Amino acid sequence: MPLTDMKRLTIFSVHCSRIFSLQPCLSFGFYFSPLFSLRRNLSQVLSVISTNTRPFPDYSPKKPTIRDAELVHHITTTIKLRRSEPLRRILKSCESKFRSDHLIWILMNIRNDYNLVLDLFDWACLRRQSTLEARCIVAQIATASKDLKMAHGVIIDFWRKPNLDISLSFIHFSDRLIYTYKDWGSDPYVFDIFFQVLVEIGMLNEARKLFMKLLNYGLVISVDSCNLFLTRLSNNLDGIEMAIKVFNEYPQVGICWNTASYNIIINSLCELGKIKEAHHLLLQMELRGCVPDVVSYSTIISRYCSVGDLQKVLKLVEEMKIKSVQPNLYTYSSIVLLLCKSGKLSEAEKVLREIMSQGIIPDNVIYTTLIDGFCKSGNVSAACRLFEEMQIREIYPDSVAYTAIIDGFCQAGKMMEADKLFNEMVIRGLEPDEFSYTALIHGYCKVSEIKRAFGLHNEMVKMGLKPNIVTYTALADGLCKQGEVDTANELLQEMSMKGLQLNVCTYNSILNGLCKSGNIVDAEKLMEELKVAGPHPDAFTYTTLMDAYCKTGKMSKAHMLLQEMLDSGIQPTVVTFNVLMNGFCMSGMLEDGNKLIKWMLDKGIMPNATTYNSLMKQYASRNNMSYTTEIYRNMCAQGVMPDSNTYNILIKGHCKARNMKEAEFLRREMIEKGFLLTASSYTALIKGFQKRKKIEEARKLFEEMRRQGLVADREIYEIFVDMNYKEGNMDVTLELCDEMIENYIVDRTKNSRT
């Protein structure tokens, strides 16, 4: 289950607020069409305004009449003298005479008393006596008083009005703000605040227009505000293109981008899949004196991780260390996820230990990624160890972590442990979701407990959770494995009625059930239906039907199906070729098997150990150990690592051919590599040494086999019972007799009762 990597992507927006040294950047050399209606090229604008920078206008309001002047004087004097009283009380007698013009004239008299300005403005707003000009004046005064929060609020309140004509309002507001600037505040940051408000409410076209308009007055919006603009632009793919265009153009008018700016564009390039350009921009930062930080590196590392380029990732991490840039949890999370996806789980755990050695506390995401990785590889014990470790460190698992390990137990068929964890999750107050239930349902279907699986399905429906296509596919697969293909088909019809779109995995379950039950005719019909109506067959569909043909000896049909698969442009997997190889071997067509391996290698398709094992097993069973060994050497020469089955095939073959020296050498080699012998391999070795009169070697292997918990056959027990009896070892003799009775009499009784 995938891990939703990625819970911490929001860290990027937090780091974007950090300010570093300011430097321009080079253009990327590619053009993006504008997102906005404003089409003029910035260079054309620059050529016009460079010689025509205009001054801000003087403020010249209309003059009050004598009667108005008297009222303004009266109100001004009153509110100053009685400032401790609420304005609604002291101005109650003046309300009927008060007009919006009076507000401007009074503000001119009290402009140096900031708190009184705010009180009067609030009083006027409640009575709808505030004009756009007054609002701009208060915004100017608030900015000059360094009350940026108030200035922001005064401006944004205007744009929250319903039924606002955006275009006309923008023209009026920007004009009034410019008109009141010179006499009421002269703090250019007021335009930054207006720019930020426009960006926040999504008026990006107007924000860009304001930027251009201010250039006429020789003012440039700050880099922090421009970073906010870049961030908002980069929220969608079309905007990303414009963000890059803005990043390339704005240095021409004096914008000096900082580290946060570069980080936004690096992330934007990565979102577009242009990782090489993003990496190049990282290098450009340093050339222009803008120091990359952990976000710069982590963003590119994350993208390289997503495309599986581990070498680039390791190189960048090393570069970070050289430059004393400490990787953070986001960096490490990306690396751990890549290593887990690549199956390099031991290396992923080493990264966890490195994090701890640096004093960084790992979080839930890193542990969950590792747990999920180990579960998917089948190493549930390692996942459990990490699950316990995170709780000891008081890093409490969430429902995703629980679901990952529950799924691991289900895949291993350990349903008791899976159930225990599921109940523990509920007790801890974590609500199971459809993924948690689906994991359990799939597990019970796998161990053929269909009744319990359907019980869980009903339970999740009662909880208001909707079973998804994966849930129903698991149920259908479970029914098919029990031979209830008709019931599975009925379930599919029910799914369709509920509006669920059946996918190829669902149909593959039915096809697999038909093939397992020997109903190849219906399987062929289903395959034809899929080709016509969809969803189209995939590699698994073809491989399943091919396997059925091979097991019934219809090798010509299997070969034709492979050709059809290739003609359809569907790439066979190594499992497909292993199925075909197994079919050749079962039919005694070993020469065709050899040709298949050669064809795979010629086409650049690397066989795995299973491919070679099928062929080696057949030659070994024919006592042709010279050719079996040759196949093994060719396999190793191709870089294919032998697995446990490879060694067991070779050991049994050499024992049968009485090559005990070679068999013993292979036994030691496989143990050194961590592989275990099967009971049949131990039996072959013991009998081989016993026939060669190498009793001590046989005895040691017998004891080793017993320690491994493997049961020897009756003939082996009889050999060692007789041997120990003759040697006078009565305790051992009786112990072996008890084991033999337990294994070959008690077990038979149980089986007969079953």
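Described in the following lines is the structure provided in the data block. (Residues numbered from 1 in each chain as written. Predicted model: local features only at pLDDT ≥ 70, side-chain atom pairs only at ≥ 80, totals over all residues. Heavy atoms only, no water.)

1. Section: a positive patch on the surface
Then, in step 1: A cluster of basic residues, R658, K661, K691, R692 and K694, forms a positive patch on the protein surface.
Then, in step 2: Considering the arrangement of structural elements, one finds R658 in the loop between α36 (644-656) and α37 (660-672).
Then, in step 3: For R658, a relative accessible area of 58% translates into the label exposed. (Patch = residues over 30% accessible without salt bridge, like charges linked within 9 Å, V, L, I, M, F, W, Y side chains within 5 Å. Areas by Shrake-Rupley, 256 points an atom, 1.4 Å probe, with all protein chains shown as cover. Salt bridge = Lys/Arg side-chain N within 4 Å of Asp/Glu carboxyl O. Lys, Arg positive; Asp, Glu negative; His and termini not counted. Charge placed at Lys NZ, Arg CZ, Asp CG, Glu CD. Helix = DSSP H or I, 4+ residues; strand = E, 2+ residues; numbered from the N terminus. Buried < 20%, exposed > 50% of the residue type's maximum accessible area, 1.4 Å probe, protein only.)

2. A closer look at the nonpolar core
Then, in step 1: Grouped together as the largest cluster of nonpolar side chains are 240 residues, with contacts concentrated most on W159, F191, F211 and I406.
Then, in step 2: Each residue touching W159, except ones within four places of it in the same chain, is listed here: L164, I166, S169, F170, F173, F194, V197, L198, I201 and M203. (Core = buried A, V, L, I, M, F, W, Y, C linked by side-chain atoms within 4.5 Å. Contact = heavy atoms within 4.5 Å.)

3. Here we look at the packing of aromatic side chains
Then, in step 1: One pass over the structure, following the stated rule, counts 25 aromatic pairs.
Then, in step 2: A centroid spacing of 5.0 Å and a plane angle of 80 degrees characterise the contact between F387 and Y402, whose relative ring orientation is edge-to-face. Residue F387 is found in helix α21 (residues 380-392), and its partner Y402 is found in helix α22 (residues 399-411); the two are separated by 15 residues along the sequence. Here the two residues F387 and Y402 agree in accessibility, since each one is buried.
Then, in step 3: Arranged with centres 5.8 Å apart and planes meeting at 90 degrees, the rings of F702 and Y717 form a pair that is edge-to-face. Placement of the pair is F702 in helix α39 (residues 695-707) and Y717 in helix α40 (residues 714-726), with a sequence separation of 15 residues.
Then, in step 4: Linked through ring pairs, F158, W159, F170, F173 and F194 together constitute an aromatic cluster.
Then, in step 5: The ring of W184 is capped by R111, whose NZ or CZ atom sits 4.4 Å from the centre of that ring. (Phe/Tyr/Trp six-rings, centres within 6.5 Å; stacked < 30°, edge-to-face > 60°. Lys NZ or Arg CZ within 6 Å of the ring centre and 35° of its normal.)

4. Quick look at unusual backbone geometry
Then, in step 1: The residue N163 is not glycine, and still its phi comes out positive at about 55 degrees.
Then, in step 2: For N163, the position within the fold is in the loop between α8 (148-159) and α9 (166-184).
Then, in step 3: Judged by its relative accessible area of 82%, N163 is exposed.
Then, in step 4: The phi dihedral of S324 is positive, around 60 degrees, even though this residue is not glycine.
Then, in step 5: Topologically, S324 is positioned in the loop between α17 (310-322) and α18 (329-341).
Then, in step 6: Looking at S324, the relative accessible area reads 65%, which means it is exposed.

5. Focus: the pattern of salt bridges
Then, in step 1: Tallied over the entire structure, the rule returns 42 salt bridges.
Then, in step 2: Of the charged contacts in the structure, one is a salt bridge between R82 and E85, with a shortest N-O distance of 3.0 Å.
Then, in step 3: Classification of R82 as partly exposed rests on a relative accessible area of 34%.
Then, in step 4: One salt bridge in this structure joins K557 and E524, with 3.4 Å as the shortest N-O distance. Highlighted residues: K557 in helix α31 (residues 555-567) and E524 in helix α29 (residues 520-533), separated in sequence by 33 residues.
Then, in step 5: On the basis of relative accessibility, which here comes to 22%, the residue E524 falls in the partly exposed class.
Then, in step 6: Overlapping salt bridges bring together E349, R353, R385, E389 and R393 as one network.

6. Examining α8
Then, in step 1: Taking 1.5 Å per residue as the helical rise, α8 with its twelve residues ought to reach 16 Å, and the 17 Å between its terminal C-alpha atoms agrees with that figure.
Then, in step 2: Every buried residue belonging to α8 is among A151, V154, I155, I156, F158 and W159, and all of these are buried.
Then, in step 3: For α8, the elements touching its buried residues are α6 (114-126), α7 (132-144), α9 and α10 (189-200). (Expected span 1.5 Å × (residues − 1).)

7. Section: helix α11 (residues 204-215)
Then, in step 1: Its twelve residues give α11 an end-to-end C-alpha distance of 17 Å, which sits within 8% of 16 Å, the value for a rise of 1.5 Å per residue.
Then, in step 2: Most of α11 is tucked away, with ten of its twelve residues classed as buried.
Then, in step 3: The complete set of buried residues in α11 reads L204, N205, E206, A207, R208, L210, F211, M212, L214 and L215.

8. Concerning the state of the cysteines
Then, in step 1: The full count for this structure, using the stated rule, is zero disulfides.
Then, in step 2: The closest cysteine sulfur to the non-disulfide-bonded C505 is located on C480, 13 Å from its own sulfur.
Then, in step 3: A disulfide-free cysteine, C636 has its sulfur positioned 18 Å from the sulfur of C585, the nearest such atom. (Disulfide = S-S within 2.5 Å.)

9. Digging into the packing of helix α30 (residues 539-551) against α31
Then, in step 1: Between α30 and α31, the least distance of the axes is 8 Å, while the angle of their chain directions is 165 degrees. For the element pair α30 / α31, the angle class is roughly antiparallel. Remark: the crossing between α30 and α31 carries left-handed chirality. Contacts between α30 and α31 involve A539, Y542, L545, M546, Y549 and C550 from the first element and M555, K557, A558, L561, L562, E564 and M565 from the second.
Then, in step 2: Residue classes in the contact of α30 with α31 are distributed as eleven nonpolar, no polar and two charged. (Axes fitted to C-alpha atoms, helices over the stretch in contact; angles between N-to-C directions. Parallel < 35°, antiparallel > 145°, perpendicular 65-115°, else oblique. Left-handed = near helix turned anticlockwise from the far one by under 90°. Nonpolar A, V, L, I, M, F, W, Y, C, P; charged D, E, K, R; others polar.)

10. A few points about the environment of C256
Then, in step 1: Looking at the secondary structure, you find C256 in the loop between α13 (237-249) and α14 (259-271).
Then, in step 2: Between the C-alpha atoms of C256 and V223, which are 33 residues apart in sequence, the distance is 6.7 Å.

11. As for the packing of helix α33 (residues 590-602) against helix α34 (residues 609-621)
The angle between the axes and the distance between the axes are what describe a pair of packed helices.
Then, in step 1: Relative to each other, α33 and α34 sit at 155 degrees, their axes nearing to 11 Å. In terms of orientation, α33 lies roughly antiparallel with respect to α34. Relative to α34, the crossing made by α33 is left-handed. Mapping the contact onto sequence places L590, G593, N594, I597, M600 and L601 in α33 and T611, Y612, L615, Q618 and Y619 in α34.
Then, in step 2: Of the residues belonging to the contact of α33 with α34, the class tally is seven nonpolar, four polar and no charged.

12. A word on the environment of R127
Then, in step 1: Mapped onto the elements of the fold, R127 is located in the loop between α6 and α7.
Then, in step 2: Assessed through its relative accessible area of 26%, R127 is described here as partly exposed.
Then, in step 3: Sequence-wise, R127 and M625 are 498 residues apart; in three dimensions their C-alpha atoms are separated by 102 Å.
Then, in step 4: The contact partners of R127, leaving out residues within four places of it in the chain, are R88 and E95.

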